[in-house]
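Remarks on the overall topology
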Amino acid sequence: MFKSILTQEELLSMPESAYMNEAQLDFFERHINDEIKGCYKRVSALTKELHDLKYNGQVEIIDQAYTMAEISLKAKELTNYNVRLKALENALTHIKDGSYGYCDYSGDEIGLKRLLINPATILSFEEQEKREKGTDEKGTHSDW
């Protein structure tokens, strides 16, 4: 069966009572899968770039140092993409189990705009603020 494809504008114009209905979940599933495809393309390109840098045959010590710095930066970027891929795959799991769009800690709605910015987020804005401040619900410091 063909599913209607929501636009971002249509998604944001839906009433609050429609939060994480089937159409919204379909939208985010497509959005996440598109981001995953983009990550895999970048990982593939980075892997090739790393291979090329590793075997470029530089003789000069300065050239070797530059190459090593480039390898280090690209390896860090590759690590970041792998972390991002795991988070996106986790978001797909949340879609399938019905918990997508809700904070993993408080159970509150994360919100459509926040999910559009980062579809893999698992924290509501309020919970994220608490963690950044290092305080719990009573305002006391905690070791998260």
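Residues numbered from 1 in each chain as written. Predicted model: local features only at pLDDT ≥ 70, side-chain atom pairs only at ≥ 80, totals over all residues. Heavy atoms only, no water.

**What about the overall build of the protein?**
- Tallying secondary structure elements over the protein gives five helices and zero strands in all.
- Each helix and strand of the protein, placed in order from N terminus to C terminus, yields the pattern α-α-α-α-α.
- Buried positions account for 31% of the 144 residues belonging to the protein.
- Intrachain contacts of the protein at a sequence separation of at least 6 include 53% that bridge at least 24 residues. (Helix = DSSP H or I, 4+ residues; strand = E, 2+ residues; numbered from the N terminus. Buried < 20%, exposed > 50% of the residue type's maximum accessible area, 1.4 Å probe, protein only. Contact = heavy atoms within 4.5 Å.)

**Focus: the side chain of Gln24**
- Locating Gln24 in the fold gives a position in helix 2 (residues 22–54).
- Take Gln24: its relative accessible area is 1%, and that puts it in the buried class.
- Here Met20 takes part through its backbone nitrogen, which lies 2.6 Å from a polar atom of the side chain of Gln24. (Polar contact = N/O pair within 3.5 Å; in protein donor to acceptor, adjacent residues only side chain to side chain.)

**Topic: the nonpolar core**
- Core analysis: the largest hydrophobic core is formed by 27 residues, its most contacted members being Leu11, Met20, Phe28, Ile32, Ile95, Tyr100 and Leu115.
- Taken together, the elements giving at least two residues each to this core come down to helix 2, helix 3 (61–97) and helix 4 (112–117).
- Top contributing element to this core by residue count: helix 2, with ten residues.
- Once residues lying within four places of it in the same chain are set aside, the contact partners of Ile32 are Leu88, Ala91, Leu92, Ile95, Tyr100 and Pro119. (Core = buried A, V, L, I, M, F, W, Y, C linked by side-chain atoms within 4.5 Å.)

**So, a negative patch on the surface**
- On the surface, a cluster of negative charge is contributed by Glu16, Asp108, Glu109, Glu126, Glu129 and Glu132.
- Inspection of the secondary structure assignment puts Glu132 in helix 5 (residues 125–133). (Patch = residues over 30% accessible without salt bridge, like charges linked within 9 Å, V, L, I, M, F, W, Y side chains within 5 Å. Areas by Shrake-Rupley, 256 points an atom, 1.4 Å probe, with all protein chains shown as cover. Salt bridge = Lys/Arg side-chain N within 4 Å of Asp/Glu carboxyl O. Lys, Arg positive; Asp, Glu negative; His and termini not counted. Charge placed at Lys NZ, Arg CZ, Asp CG, Glu CD.)

**Topic: unusual backbone geometry**
- Positive phi, normally seen in glycine, also occurs at Met20, with a value near 60°.
- Mapped onto the fold, Met20 is located in the loop between helix 1 (8–13) and helix 2.
- By relative accessible area, Met20 is classed as buried at 10%.

**As for the confidence of the model for the protein**
- Overall, the predicted model of the protein reaches an average pLDDT of 88, with 85% of residues at or above 70.
- Per-element averaging of pLDDT across the protein places helix 5 at the bottom with 91 and helix 4 at the top with 97.
- Between residues 140–144, whose pLDDT stays under 50, and residues either more than four places distant or in other chains, the model counts twelve contacts. (pLDDT = per-residue confidence, 0-100.)

**Section: the packing of aromatic side chains**
- Under the defined criterion, the tally for this structure stands at three aromatic pairs.
- Taken together, a centroid distance of 5.4 Å and an interplanar angle of 90° make the contact between Tyr19 and Tyr102 edge-to-face. Of the two residues, Tyr19 sits in the loop between helix 1 and helix 2 while Tyr102 sits in the loop between helix 3 and helix 4, which places them 83 residues apart along the sequence.
- Seen in terms of ring centroids, Phe27 and Phe28 are 5.3 Å apart; in terms of plane orientation they differ by 85°. Their pairing is edge-to-face. For the pair Phe27 and Phe28, one class covers both residues: buried.
- Site record: aromatic cluster; members linked through ring pairs are Phe27, Phe28 and Tyr100.
- Over the face of the ring belonging to Tyr105 we find Arg131, whose NZ or CZ atom lies 3.8 Å from the ring centre. (Phe/Tyr/Trp six-rings, centres within 6.5 Å; stacked < 30°, edge-to-face > 60°. Lys NZ or Arg CZ within 6 Å of the ring centre and 35° of its normal.)

**Describing the side chain of Lys74**
- Its location among the elements puts Lys74 in helix 3.
- Residue Lys74 is classed as buried on the basis of its relative accessible area of 16%.

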